[in-house]
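# Descriptive structure summary
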Amino acid sequence: MASTVTDTRPGYGQLLRTPRAWTFLLPGFAARQPFAMLTISIVLLVQHTTGSYGAAGAVSAVTGVSMALFAPFSGKLADRFGQRAVLVPGVLVHSASVIALTVLALSDAPLWALFAAAVPAGASTPQIGPMVRARWGVKLQDSPLATTAAAFESVTDELTFVLGPLVATALCTGVDPSAGLLTEAGLTLIGGLLFAAQKSTQPKPSSQNEDHARVEHVSALRVPGIRVLIVTFLGIGAVFGGMQVSLAAFTESIGEPGLNGVLYGTFAAGNMLSGVVCGAIAWKVSPQRRLLVAYAALTLMASGLWAAHSALLLAGLGLLVGVCIAPALITGYTLVDKLVPPTGRTEAFTWLTGAVALGQAAAVTVAGQLEDRFWDGAGFLVPLGGTALALVVLVTLRSRLVPRGPGRTVARGVGHRQPVAVD
């Protein structure tokens, strides 16, 4: 049942008092933690066994591309049949695939074998973040706390990206190169099953609707604004992927590989702190304008990464880049609630999550090649290029992010044969 909160002033305390919110927040946090460990653990293990950042980036990229391609399909199935029906088999396949990838890497298997194992590992990555956001949507509906919830989820995501790389790097460098992936597989299995067990807070599957026979499950991709947001999130993914590989190569070049997790954690901490602030503000500026300003600032901050030649300077620039990411992410997720009807939101969220993964995968591949072939730090050109291109698209097509007013319709509808009104 939806929350009855009506206070127009957003606040985290009020948000967290939403009835039964903690029943999905705690297991959701545990289940999404491994997501931040996956890519960096693959990079560190494969680089250790092959000696090549290019190979490590390529295997990681296959995982990211696979996840990006299958995530929307997973979200659509969750909207139609329920989150539990998708999660339970998904976490089982994911854990088994990650273990298989680890064994192959340690066995010096050929690169094609690592690619083959990376496909199911990425395709089965549990989409916990979008599922939690969809549960918030059910709880809050049109409450003014929706923006606060989006900020809270961004902060939660970034907290995982502070802890995940630190834990993965510590395990891979201090215990064993395979420890990061094995831990990721175990946490995914346990956390995913615990989250799936929380059935009372999941959105009602559309297959249980009385008019299900008249419902056509049309992709959220049909909404023009979602396509613009996908490009925007691709650029954000380019920042994540470029930073991961480039920071690993930089710290290796200065003889301090353990510093990688600290630098990436500083970058993610900037994102997390900025997200906390964004969620505490009662915004009067339109979300479309906030997105444009935040993205322009992100592109500007990313432009200086390639020129940093010291760990301290890189930490400072990384912190500023992280500060600029959270407002863009939060605003993008908030716009989904305004652009897409409830029956398609899990899928819409997974399109955005998949876009980040796809951008990250492409960035990891390109940055790895740049680091192997050119100077240390050349991979930092990737975040700049990715955000600059996305900014051009965002500015050009910004009008598509304006939600339709009452009585108007989303093009071709989402989940119905006839267009539907969007509040």
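The notes below deal with the structure included here. (Residues numbered from 1 in each chain as written. Predicted model: local features only at pLDDT ≥ 70, side-chain atom pairs only at ≥ 80, totals over all residues. Heavy atoms only, no water.)

When its secondary structure is counted, the protein shows 15 helices and 0 strands. Within the protein, buried positions represent 56% of all 423 residues. With the model as given, the accessible surface of the protein reaches about 16700 Å², and the carbon-plus-sulfur share is 66%. (Helix = DSSP H or I, 4+ residues; strand = E, 2+ residues; numbered from the N terminus. Buried < 20%, exposed > 50% of the residue type's maximum accessible area, 1.4 Å probe, protein only. Areas by Shrake-Rupley, 256 points an atom, 1.4 Å probe, with all protein chains shown as cover.)

Next up on the list: helix α6 (residues 111-123). Helix length check: α6 (13 residues) gives 19 Å between terminal C-alpha atoms against 18 Å at 1.5 Å per residue, within 8%. Of all the residues in α6, the buried ones are Ala113, Leu114, Ala117, Ala118, Ala121 and Gly122. Relative to the axis of α6, the buried residues are bounded by an arc of 160° and lie together on one face. (Expected span 1.5 Å × (residues − 1). Arc of directions from axis to C-beta.)

Attention now moves to unusual backbone geometry. Located in the positive-phi region is Asp108, a residue other than glycine, with phi close to 55°. Mapping Asp108 onto the fold places it in the loop between α5 (83-106) and α6. Among the residues examined, Asp108 registers a relative accessible area of 60% and is labelled exposed.

So, about the packing of aromatic side chains. All chains considered together, the criterion is met by 2 aromatic pairs. Taken together, a centroid distance of 5.3 Å and an interplanar angle of 80° make the contact between Phe233 and Tyr333 edge-to-face. Highlighted residues: Phe233 in helix α10 (residues 224-253) and Tyr333 in helix α13 (residues 311-339), separated in sequence by 100 residues. The residues Phe233 and Tyr333 share a single accessibility class, namely buried. Here Phe240 and Phe267 contribute two aromatic rings whose centre-to-centre distance is 5.7 Å and whose plane-to-plane angle is 70°, an arrangement assigned as edge-to-face. Linking Phe240 in helix α10 with Phe267 in helix α11 (residues 259-280), this pair joins segments that are 27 residues apart in sequence. Positioned above the aromatic ring of Tyr333 is the side chain of Arg133, whose terminal nitrogen or guanidinium carbon lies 3.7 Å from the ring centre. (Phe/Tyr/Trp six-rings, centres within 6.5 Å; stacked < 30°, edge-to-face > 60°. Lys NZ or Arg CZ within 6 Å of the ring centre and 35° of its normal.)

A word on the nonpolar core. Core analysis: the largest hydrophobic core is formed by 46 residues, its most contacted members being Leu229 and Ile325. Of all the elements, α13 adds the most residues to this core, at 12 residues. Counting 19 residues, the second-largest nonpolar core is a separate cluster that includes Ala21, Leu25, Val86 and Phe152. (Core = buried A, V, L, I, M, F, W, Y, C linked by side-chain atoms within 4.5 Å.)

Take the side chain of Thr188 next. One can find Thr188 in helix α9 (residues 179-196). Beyond its immediate stretch of four places on either side in the chain, Thr188 contacts Pro34, Val91, His94, Ser95, Pro126 and Leu193. (Contact = heavy atoms within 4.5 Å.)

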